[in-house]
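# Coordinate inspection notes
Single-letter residue listing:
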Amino acid sequence: MRALVVLGVILFLSAIPLFWFSFVSPISFANRSASEVEFLPLAAASPSSNLSVTFQEQGLPQGVTWAVTLGNRTGLAYVPNVTSSVTFNGLAPGSYRWNVTPAVWAGQEERYVPLQVQGNVTASRASTTVIVKYVGEFSVKFTSSGGGSVSPSGTAWYEEGQAVTAAAKPSSGYVFYQWVSSTPFLAVLDPNSTQTTVVVSGTGTVTAVFRSSLPFPLQWLYAGVAVLIAIGAYAGY
């Protein structure tokens, strides 16, 4: 009898592992919450991209604001007493289209334009820098005092440091006298020549001055006749 009891206990103990594996399978772990299966090995997460592209301007004056658009993002920068920059962070690897402000105004007659308005940049390193160079342009007027014509004529934009060739042509009865600049920022290299070079470093006006080719007494005579004609016309003669 005692032998049968011992045999029954042995059979019961040997059946416990079989019971465990038949009811607590790996599938039951898959159905548990995350907190219950934290001990299970996790798959390696893919590294996140955090690249940056910086646009740095050169040539803009103090106190102006410029902008950069990279893809669908736009950044603004104020220029202090040194150069300024715009940085785009959190970029994924790839190629991006960019463009900058086409004209930065520093006044009604002074503006700055980029040598390259738009382009493509590839974000492939932790940090990429794009240099944006701006050049100054100034509004300059070439005109005549009367008695002749000038070329170029009128108002146009000229780059800072640009050498402009100017020519003066007197009308009949007039002779060229000299070129007159309204500012030291428009340097006339030879003011006494009908054809000269003007070096632009600011805004202003350059005027070709002509004088009558008639002798001085005849000038007064013609002026007097013109006055008499005008008076006669006014009086009804």
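Please read these numbers as outputs of a predicted model, since none were measured by experiment. (Residues numbered from 1 in each chain as written. Predicted model: local features only at pLDDT ≥ 70, side-chain atom pairs only at ≥ 80, totals over all residues. Heavy atoms only, no water.)

## As for the sheet that holds strand β8 (residues 118-123)
Taken together, 4 strands build an open sheet; the order of strands is β3-β2-β5-β8 and the sheet is antiparallel. Each edge of the open sheet carries a strand with a single partner, namely β3 (73-78) and β8. Mean inter-strand twist for the sheet, computed between neighbouring axes without regard to direction, equals 25 degrees. Pairing of strand β5 (residues 94-100) with β8 involves 6 bridges; the strand directions are antiparallel. Pairing of glycine 94 across the sheet is with alanine 123, part of β8. (Pairing = 2+ DSSP bridges. Helix = DSSP H or I, 4+ residues; strand = E, 2+ residues; numbered from the N terminus. Axes fitted to C-alpha atoms, helices over the stretch in contact; angles between N-to-C directions.)

## Some remarks on the side chain of glutamate 137
Tracing the backbone through its elements, the reader meets glutamate 137 in strand β9 (residues 127-144). Its relative accessible area of 12% is what places glutamate 137 among the buried residues. Among residues more than four places away in sequence, those in contact with glutamate 137 are Glu109, Glu110, Arg111, Val113, Trp157, Tyr158 and Glu159. (Buried < 20%, exposed > 50% of the residue type's maximum accessible area, 1.4 Å probe, protein only. Contact = heavy atoms within 4.5 Å.)

## Points about the nonpolar core
In terms of nonpolar packing, the biggest core is built from 23 residues, with Val53, Phe55, Leu60, Trp66, Leu70, Val121 and Tyr134 touching the most fellow members. Those elements that provide at least two residues to this core are β1 (51-58), β2 (65-70), β4 (85-91), β5, β8 and β9. Core analysis: the second largest hydrophobic core is formed by 17 residues, Phe142, Val150, Trp179 and Phe210 among them. (Core = buried A, V, L, I, M, F, W, Y, C linked by side-chain atoms within 4.5 Å.)

## Notes on the sheet that holds strand β14 (residues 186-188)
The strand order across the open sheet formed by 4 strands is β10-β12-β15-β14, and the pairing between neighbours is antiparallel. Here the strands that pair on one side only, and so sit at the sheet edges, are β10 (148-151) and β14. The sheet shows a mean angle of 25 degrees between the axes of neighbouring strands, direction not considered. As paired elements, β14 and strand β15 (residues 195-200) share 3 bridges and run antiparallel to each other.

## Overview of the pattern of salt bridges
Enumeration according to the criterion identifies 1 salt bridge in this entry. Among the ionic pairs, glutamate 137 bridges to arginine 111, the shortest N-O distance being 2.8 Å. Taken together, the residues glutamate 137 in strand β9 and arginine 111 in strand β7 (residues 110-114) connect sequence positions 26 residues apart. As far as the burial class goes, glutamate 137 and arginine 111 line up, both buried. (Salt bridge = Lys/Arg side-chain N within 4 Å of Asp/Glu carboxyl O.)

## Quick word on the environment of threonine 129
One can find threonine 129 in strand β9. The partly exposed category is assigned to threonine 129, whose relative accessible area is 47%. Separated by 43 residues in sequence, threonine 129 and valine 86 place their C-alpha atoms 9.8 Å apart. Look past the residues within four positions of threonine 129 in its chain and what remains in contact with it is Thr54 and Gln56.

## With respect to the packing of aromatic side chains
For the structure on display, the rule yields 7 aromatic pairs. With 6.0 Å between their ring centres and 90 degrees between their planes, phenylalanine 55 and phenylalanine 88 make a pair best called edge-to-face. One end of the pair, phenylalanine 55, is in strand β1; the other, phenylalanine 88, is in strand β4, with 33 residues separating them in the sequence. Judged on exposure class, the residue phenylalanine 55 and its partner phenylalanine 88 are both buried. Between tryptophan 105 and tryptophan 157, the aromatic rings sit 5.5 Å apart at their centres with planes inclined by 75 degrees, giving edge-to-face as the arrangement. With tryptophan 105 in strand β6 (residues 104-107) and tryptophan 157 in strand β11 (residues 154-159), the pair connects residues that are 52 residues apart, well separated along the chain. (Phe/Tyr/Trp six-rings, centres within 6.5 Å; stacked < 30°, edge-to-face > 60°.)

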